[in-house]
There are 2 protein chains.
Amino acid sequence: MPIYTAPIKDLQFVLQDVLNAADSGIPGYDELEADFTAAVLEEAGKISEQVLAPLNLSGDREGCRFENGVVSTPKGFDQAFQVMKDGGWTALDCDPDYGGQGMPYVLATAVGEMFVSANMAFNMYQGLTHGAYSAIHTHGTDAQKAAYLPKMVSCDWTGTMNLTEPHCGTDLGLMRTRALPQDDGTYQITGQKIFISAGDHDLAENIIHLVLAKIPGGPDGIKGVSLFIVPKVLVNEDGSLGARNGVSVGKIEEKMGIHGNATCVMNYDAATGYLLGEAHKGMRAMFTMMNEARLGVGLQGYAVAEAAYQNAVFYAKDRLQGRAVTGAENPDGPADPLIVHPDIRRNLMDQKSFVEGARAFTLWGAQLIDRSHRAGDDAAEDMISLLTPVLKGFLTDKGFEMSSAAQQVYGGHGYIEEWGMSQFARDARITMIYEGANGVQALDLVGRKLPSKGGKPVMAFFEMVKSFLKDNEGNEALKADFLDPLKAASKHLQEAGMYFMAQGMKNPNNALAGSYDFMHLFGHVCLGLMWARMAKAAQAQLETGDGDNEFLKAKIITGRYYMARQLPMTATHLARIQSGAAPVMDLDEAHF
Amino acid sequence: MPIYTAPIKDLQFVLQDVLNAADSGIPGYDELEADFTAAVLEEAGKISEQVLAPLNLSGDREGCRFENGVVSTPKGFDQAFQVMKDGGWTALDCDPDYGGQGMPYVLATAVGEMFVSANMAFNMYQGLTHGAYSAIHTHGTDAQKAAYLPKMVSCDWTGTMNLTEPHCGTDLGLMRTRALPQDDGTYQITGQKIFISAGDHDLAENIIHLVLAKIPGGPDGIKGVSLFIVPKVLVNEDGSLGARNGVSVGKIEEKMGIHGNATCVMNYDAATGYLLGEAHKGMRAMFTMMNEARLGVGLQGYAVAEAAYQNAVFYAKDRLQGRAVTGAENPDGPADPLIVHPDIRRNLMDQKSFVEGARAFTLWGAQLIDRSHRAGDDAAEDMISLLTPVLKGFLTDKGFEMSSAAQQVYGGHGYIEEWGMSQFARDARITMIYEGANGVQALDLVGRKLPSKGGKPVMAFFEMVKSFLKDNEGNEALKADFLDPLKAASKHLQEAGMYFMAQGMKNPNNALAGSYDFMHLFGHVCLGLMWARMAKAAQAQLETGDGDNEFLKAKIITGRYYMARQLPMTATHLARIQSGAAPVMDLDEAHF
């Protein structure tokens, strides 16, 4: 069975030494002293290691079942869910007014990484609930909040998001689900939704579906979409459960991965729904949760890669095969461990340097969200909105690639399901697709986020990189290995932006044809920046001698790898971008 | 259900217009006139489309079963196998002395692409048989050839290769399977082999296992390994089937993909084996088949990607979602088809330009094998030996990546098994692992093939590129789009080679740490060369006006895409290589 060890030290390093959480001046962050975050992370780490990880492989093999209209989750999921509820883990960053613990989002994100690494499919049940909680918390009436939030904070009731229909996913303006206004102020919801994660299961007594639908007579297309609360079981005025609502599961999908999470076809047949927020403003309500939701998927990308990496390392140290070319390193054994071979190390270093960079990037993103929500900082909101498609698109593409790289270390055993390495790759694959396929993220980045506010957010990003470089100008220890490569990569990103400005004016396809490469270029610059920051933090601690010197040196060595071996990708992305639309658009449709 | 259309025109273009098969002066190639190859390809294409492709998804879903010691293949496989046998497709390039049709290997390769695209798992039953046939044909005694080959050419009996054991795959010197000499000249084979593709099934009345084992008292390690013929059912002197041999299936593996092919644990319990070739020279016997076997796996990589690509195109033209940014292209419909979006085209062009380049590369490789075997051309043998790890490693890495890219076009539907796109990615994944994991291919390339014969083969490769560039020096139509990028990429490859020579002397890890990037760099140069040749051939035909102008123009446009968007990767690979061993080797093992 695959192993998992919670990376407490690495998470603490990012929270405390890179993001300086407790001193960042964000309301609520004063609680995040090192001892406190360590205690929380260790407790969550234990649950991840001991409760969630042991159910990952079995959950994949067993999958969810759909019999007689009822969905059941794999063996052990119900007890594990109870552990999460009992420990208050589902309530960590929720509003204390509704039973939450009110912790910063950044801490919930650090905890969430471990839960996802240990068991991604399982963690989706509470993850989706959190998304639905946020929507109701932001857009609900006081009565709605009182009716639903306490039960959702505790995960006695779980939540879902219903967007996709058979004929439309990305283009929700084509939606057919209808909401007919009733005399009592409710709506009758009728239609079919597909790909509904955690759409039904046996872990909670009620499920609160958030459903996008059109009210007849409203505006055409995406502007005529409204959001509704549609409980599986109707809730009486006294809060007790009433009659079953007109919502049922059509089937559960057989998928490539995340078998432990039920992906449902949901049929709404004159189900009672309650308008959430304003009529016809459903998409706006969805958008307010989008940064968090997409950051959460980016997190899944690297968190699964972390679990896969840990197993690849274990195998590379354990499996004896061949001899080091520079002389036997295990002369008394029949062969040397895999890890002596340079190409195995190259592969492991790719994984390690990605995961650690991605962790810092994601937690920085979570801190930006806190700074926006808790400190009302508009610049932070602009920055995270700019970075969200990069977090989602880049981290999930690389997360899948790295999960597959970890699988490769196992040779043939990586292809056999009982070793669990195939599962990591299969699970990671969905993250590139859901919550906006990565091509849509690239489009969002180039078509919407770059030009937003006259380019102010992206200028602020460049300014931030520039300031960092300037602040560390005299740092000879960082110069060649970190600052110079970061400067070069950032310059590539700026050149790409300038190309879009100049050429996109002439033909928008000149920008859009390069959008995917731009998203990756941006991602590399972000991870390069994170590595430069981590190296700086490690170096500072090495100088004071306050930290674990071996750990800190390993950080710097890992960062050097990223800068030397991964950051050179920016040149290729720039070259592709600058080739413009012609190579992409010239071929007549008939010749594909 | 996924679609498949045999790409006859593209295969013909490579065989006739790029490789000039009929005029290449290789013995037996005079048969390969355009009309003849078209007829063969069309017939094989029909079987691929009508018999094999319809069983691909169902074969994956049903998988193989192992009950009461007996392995059964998915529904319909037996009838399809009979069709292959009846049509003589299993005998296409086999020796006429044993019932084969004696066609060049290049034609069998072109046919094989279609069979693999249509149903990779199914095609492995005959593919493995062909490998075993080749081993016996090359190393067997006349009596062995007479006893086994006719039945293997017809696939009345199939074959397998037994190398891997639980504790050793790449490092076969650690092998434990034993072969005890008997008084009658036979051997008693005892041991366990794993990952035996087509190790047992219900498609043939006998299975001829080729098994590597050690004869006690022989040299240690890899030099003491011998190869044995171990039939499932013993063959009497008159050719009739006798008693069951001491070989049985322990279990079949549950794998990520190729579910239609039974991957078996094989237990040999004092089974009767017959020495094939010389004692202790088993690895040498395996090596003589290695170029073909690895080219065959490289072919699987791009052939699966071709099938995935065809489906991605179908969906991109069919699925309506969003509007073209330059104005609606389907104004009467509710939305435009996906293919109007630049990033969807970028994705499809990545796939298309890879598959077509890979096809040309593979068929050129097959032609080199024919030139070596049929014309006794040592230079061709050297060249294909050099290129084999590139064909295997690069085409399978990219084949998987492109299958996953095709899956991405489907959005959420790509993750649902019933659409079949997940299967292409899952099936393609094994090609990076078996027949030598791709890291081992990179090691073979840099550690063995580059320095072989004092570097003569790689010098010949560079000379060939140089000649091509020189021969086309004045060709202004090709210069900017094809010749200049090829020249730049080839220069990167040369610089990488020089870096290895200079730095590898000081520390072999300086070369090995860059081996994987070198393999990819080499692969891009090969595909760049292939695209330049294809563009030249297309351009020449456009000038004469003899061909299908639209088809030829599409070739040039597709090639331009590869040169502009894919070839720039060579710069990044070179930068990584030139960063040397330090970033890869510096981290202490304890800190992974």
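Along each chain, residues carry numbers from 1 onward, in the same order as the chain's sequence is written. Going through the entries in the order they are written, you letter the chains from A and number the ligands from 1. Residue-level local features of this predicted model are given only where pLDDT is at least 70; pairs of side-chain atoms are given and counted only at 80 or more, and the full residue set underlies all totals for whole chains, interfaces and linings. By convention in this description, side-chain values take in all heavy atoms of the structure and omit both hydrogens and water.

Trainee: Please set out the domain arrangement of chain A residue by residue, giving values where relevant.
Mentor: All names here are of chain A. Boundaries between domains were set according to an automatic or database domain assignment. Splitting chain A by domain gives domain 1 (8-139), domain 2 (159-281), domain 3 (289-436) and domain 4 (451-583). Computed over C-alpha atoms, the centres of domain 1 and domain 4 are 30 Å apart. Residue-level contacts link six residues of domain 1 with nine residues of domain 4. Both faces considered, domain 1 and domain 4 share a buried interface measuring about 660 Å² in area, 70% of it formed by carbon and sulfur atoms. Of all residues in domain 1, Lys9, Phe13 and Val18 give up the largest surface area on contact with domain 4, accounting jointly for 69% of the area buried on that side. The working definition used for a salt bridge is a side-chain nitrogen of Lys or Arg within 4 Å of a carboxyl oxygen of Asp or Glu. Among the ionic pairs, Lys9 bridges to Asp548, the shortest N-O distance being 2.5 Å. Under the rule applied, a polar contact is a pair of N or O atoms within 3.5 Å (in protein, one hydrogen donor and one hydrogen acceptor; residues adjacent in sequence only if both atoms are side-chain atoms). Where domain 1 touches domain 4, the interface holds three residue pairs in polar contact (both at pLDDT 80 or more). Note on residue classes: Ala, Val, Leu, Ile, Met, Phe, Trp, Tyr, Cys and Pro are nonpolar, Asp, Glu, Lys and Arg are charged, and everything else, Gly too, is polar. Split by residue class, the side of domain 1 that touches domain 4 holds three nonpolar, no polar and three charged. The contact criterion used is simple: two residues touch if any of their non-hydrogen atoms lie within 4.5 Å. Buried surface area refers to the total accessible area, computed with a probe of radius 1.4 Å, that the two partners give up upon joining, counted for both partners together.

Trainee: Describe the packing of helix 15 (residues 476-506) of chain B against helix 17 (residues 515-544) of chain B, naming the residues involved and giving the relevant values.
Mentor: All names here are of chain B. Packing of helix 15 against helix 17 leaves a shortest axis separation of 9 Å and a crossing angle of 155 degrees. Classed by the angle they form, the pair helix 15 and helix 17 counts as roughly antiparallel. Between helix 15 and helix 17 lies a crossing of left-handed hand. From helix 15, Ala477, Leu478, Phe482, Leu486, Ala489, Ser490, His492, Leu493, Ala496, Gly497 and Phe500 reach across to helix 17, where they touch Ser515, Phe518, Leu521, Phe522, Val525, Gly528, Leu529, Trp531, Ala532, Ala535, Lys536 and Gln539. Note on geometry: axes are C-alpha line fits, over the in-contact stretch for helices, and angles between N-to-C directions span 0 to 180 degrees. By definition, any uninterrupted DSSP run of H or I lasting at least four residues is a helix, any uninterrupted run of E lasting at least two residues is a strand, and each is numbered from the N terminus. Angle categories: roughly parallel below 35 degrees, roughly antiparallel above 145, roughly perpendicular from 65 to 115, and oblique for all the rest. Put simply, a crossing is left-handed when the front helix is turned counterclockwise from the back one by less than a right angle, and right-handed when it is turned clockwise.

Trainee: Give me the lowdown on the relation of the copies chain B and chain A, citing residues and values where you can.
Mentor: Alignment of copies: least-squares fit on C-alpha atoms of residues with pLDDT of at least 70 in both copies. If you rotate chain B by 180 degrees and push it 0.0 Å along the axis, it lands on chain A with an RMSD of 0.0 Å. Taken together, the rotation and translation relating the two chain copies correspond to the operation of a two-fold axis. Among all C-alpha atoms of chain B, that of B:Thr572 lies closest to the rotation axis, at 3.2 Å. A share of 99% of interface residues in chain B that are also interface residues in chain A marks the association as one of identical surfaces.

Trainee: Would you mind going over the packing of helix 17 (residues 515-544) of chain A against helix 19 (residues 569-578) of chain A in detail, with residue names and values included?
Mentor: All names here are of chain A. One way to put it is that helix 17 packs onto helix 19 with a least axis distance of 9 Å and a crossing angle of 155 degrees. Looking at the two axes, helix 17 sits roughly antiparallel to helix 19. Like other packed secondary-structure pairs, helix 17 and helix 19 cross with a definite hand, here left-handed. Residues Asp517, Phe518, His520, Leu521, His524 and Val525 of helix 17 lie in contact with helix 19, whose contacting residues are Met569, Thr570, His573, Leu574, Arg576 and Ile577. Partitioned by chemical class, the residues of the contact of helix 17 with helix 19 number six nonpolar, four polar and two charged.

Trainee: Any details on the packing of aromatic side chains? Residues and values, ideally.
Mentor: Between two aromatic rings, the relevant description is the distance of the centres plus the angle of the planes. Within 6.5 Å between ring centres, the rings of Phe, Tyr and Trp (the latter by its six-membered ring) count as paired, and their orientation is classed by plane angle as stacked under 30 degrees, edge-to-face over 60, tilted in between. Evaluation of the coordinates by the stated rule reveals 31 aromatic pairs over all chains. Each ring, one from B:Phe81 and one from B:Phe122, has its centre 6.0 Å from the other, and the planes form 75 degrees; the classification is edge-to-face. With B:Phe81 in helix 4 (residues 77-86) and B:Phe122 in helix 6 (residues 120-139), the pair connects residues that are 41 residues apart, well separated along the chain. Each residue is placed in one exposure class: buried if its accessible area under a 1.4 Å probe, protein chains only, is under 20% of its type's maximum, exposed if it is over 50%, and partly exposed if it falls in between. Given the relative accessible area of 0%, B:Phe122 is considered buried. Only lysine NZ and arginine CZ atoms are considered, and such an atom sits over a ring when it is within 6 Å of the ring centre and within 35 degrees of the ring normal. If you follow A:Arg533 out to its NZ or CZ, it ends over the ring of A:Trp364, 5.3 Å from the centre.

Trainee: Explain the pattern of salt bridges to me, and be specific about the residues and the numbers.
Mentor: All names here are of chain A. The full count for this structure, using the stated rule, is 64 salt bridges over all chains. The salt bridge involving Lys453 is made with Asp382; its shortest N-O contact spans 2.8 Å. One end of the pair, Lys453, is in the loop between helix 13 (438-449) and helix 14 (456-471); the other, Asp382, is in helix 11 (residues 378-409), with 71 residues separating them in the sequence. In this structure Asp382 comes out as buried when scored by relative accessible area, which is 11%. A cluster of three or more residues bridged by salt bridges with shared partners is formed by Asp10, Lys352, Glu356 and Lys555.

Trainee: An account of the environment of A:Gly242 is needed here, citing residue identities and associated values.
Mentor: All names here are of chain A. With respect to the helices, strands and loops of the structure, Gly242 is situated in strand 9 (residues 241-244). Overall, the relative accessible area of 31% leaves Gly242 in the partly exposed class. The spacing of Gly242 and Asp332 is 90 residues in sequence and 71 Å in space, taken between C-alpha atoms. In this structure, Gly242 is in contact with Val233, Leu234 and Asn236, ignoring residues within four places of it in sequence.

Trainee: Explain the interface of chain B and chain A to me, using residue names and the numbers behind them.
Mentor: Listed per partner, the contact involves 94 residues of chain B and 93 residues of chain A. Across the chain B/chain A interface, buried area totals approximately 8000 Å², and carbon plus sulfur atoms make up 59% of it. The largest contributions to the chain B side of the interface with chain A come from B:Tyr415, B:Arg565 and B:Phe592, which together make up 12% of the buried area. Connecting chain B to chain A are six salt bridges. In this structure, B:Glu418 and A:Lys251 form a salt bridge, with 2.8 Å as the shortest nitrogen-oxygen distance. Along the contact surface separating chain B from chain A lie 53 residue pairs in polar contact (both at pLDDT 80 or more).

Trainee: Residues and numbers for the environment of A:Ala405, please.
Mentor: Residues and elements named next belong to chain A. For Ala405, the position within the fold is in helix 11. Separated by 54 residues in the primary sequence, Ala405 and Gln351 have C-alpha atoms spaced 7.5 Å apart. Among residues more than four places away in sequence, those in contact with Ala405 are Asn347 and Gln351.

Trainee: Residue-level account of the pairing of strand 6 (residues 206-214) of chain A, with values.
Mentor: A regular strand carries its side chains on alternate faces of the sheet. Residues and elements named next belong to chain A. Of all nine residues making up strand 6, nine are buried, and the element is well covered by its neighbours. Between any two strands, at least two bridges found by DSSP are needed for them to pair. Taken together, the seven bridges between strand 6 and strand 7 (residues 225-231) define a ladder with antiparallel strand orientation. Of the residues in strand 7, the one forming a bridge with Leu210 is Ile229.

Trainee: Run through the nonpolar core, naming residues and quoting values.
Mentor: Ranked by size, the top nonpolar core spans 400 residues in total, and within it A:Phe461 and B:Phe461 carry the most contacts. For B:Phe461, the contacting residues outside a window of four places in its chain are B:Trp364, B:Met383, B:Leu386, B:Leu387, B:Leu493, B:Phe522, B:Val525, B:Cys526 and B:Leu529. We call a set of buried Ala, Val, Leu, Ile, Met, Phe, Trp, Tyr and Cys residues a nonpolar core when their side-chain atoms join them within 4.5 Å.

Trainee: Quick one: what's the story with the UniProt feature "domain: Acyl-CoA oxidase/dehydrogenase middle" (unreviewed entry) in chain A, residue by residue and with numbers?
Mentor: UniProt annotation of "domain: Acyl-CoA oxidase/dehydrogenase middle" (unreviewed entry) refers to residues 161-269 of chain A when read in the numbering used here. For residues 161-269 of chain A, the helix share is 0%, the strand share is 49%, and the end-to-end C-alpha distance is 17 Å. UniProt positions are given in the numbering used here, feature names are shortened, and annotations may be inferred rather than shown by experiment.

Trainee: Please set out a nonpolar patch on the surface residue by residue, giving values where relevant.
Mentor: The grouping of A:Met459, A:Met498 and A:Met501 at the surface amounts to a nonpolar patch, some 330 Å² of accessible area in total. Note that A:Met498 resides in helix 15 (residues 476-506). To count toward a patch, a residue needs a relative accessible area over 30% and no salt bridge; like charges are then connected within 9 Å, while nonpolar side chains (Val, Leu, Ile, Met, Phe, Trp, Tyr) are connected within 5 Å. All accessible-area figures derive from a Shrake-Rupley calculation using a 1.4 Å probe, and residue coverage is judged against the displayed protein chains alone.

Trainee: Break down a negative patch on the surface for me, with residues and values.
Mentor: All names here are of chain A. Charge counting treats Lys and Arg as positive and Asp and Glu as negative, with His and both chain ends excluded. A single reference atom marks each charge: NZ on Lys, CZ on Arg, CG on Asp, CD on Glu. On the surface, Asp23, Asp30, Glu31, Glu33 and Asp35 cluster together into a patch of negative charge. One can find Asp35 in helix 2 (residues 34-52). A residue is classified by how much of its surface remains accessible, and Asp35, at 68% relative accessible area, is exposed.

Trainee: Account for helix 12 (residues 421-431) of chain A, naming residues and giving values.
Mentor: The buried fraction of helix 12 of chain A is high, at eleven of eleven residues. The set of residues buried in helix 12 of chain A consists of A:Met421, A:Ser422, A:Gln423, A:Phe424, A:Ala425, A:Arg426, A:Asp427, A:Ala428, A:Arg429, A:Ile430 and A:Thr431.

Trainee: Give me the lowdown on unusual backbone geometry, citing residues and values where you can.
Mentor: Residues and elements named next belong to chain B. You will see that Cys155, though not glycine, has its phi angle at about 60 degrees, which is positive. Structurally, Cys155 can be placed in the loop between helix 7 (142-153) and strand 3 (157-162). In the Ramachandran plot, Lys453 falls in the positive-phi region, its phi being about 50 degrees despite a non-glycine side chain.

Trainee: Now, about the pairing of strand 7 (residues 225-231) of chain B: what can you tell me, with residues and values included?
Mentor: Residues and elements named next belong to chain B. With seven of its seven residues buried, strand 7 lies for the most part within the structure. Burial of strand 7 is two-sided: the residues Val225, Leu227, Ile229 and Pro231 facing one way and the residues Ser226, Phe228 and Val230 facing the other way are all buried. Where strand 7 meets strand 11 (residues 263-275), two bridges bridge the pair, whose relative direction is antiparallel. Within strand 11, the residue paired with Phe228 across the bridge is Leu275.

Trainee: Describe the state of the cysteines, naming the residues involved and giving the relevant values.
Mentor: Residues and elements named next belong to chain B. Count a disulfide wherever a pair of cysteine sulfur atoms falls within 2.5 Å. Applying the stated criterion across every chain yields a total of zero disulfides over all chains. This cysteine, Cys64, is not joined by any disulfide, and Cys264 carries the nearest cysteine sulfur, 7.9 Å off. The exposure class of Cys64 is buried, given its relative accessible area of 14%. Here Cys94 is not cross-linked by a disulfide; its sulfur's nearest cysteine counterpart is in Cys155, at 8.2 Å. Given a relative accessible area of 2%, Cys94 falls into the buried group.

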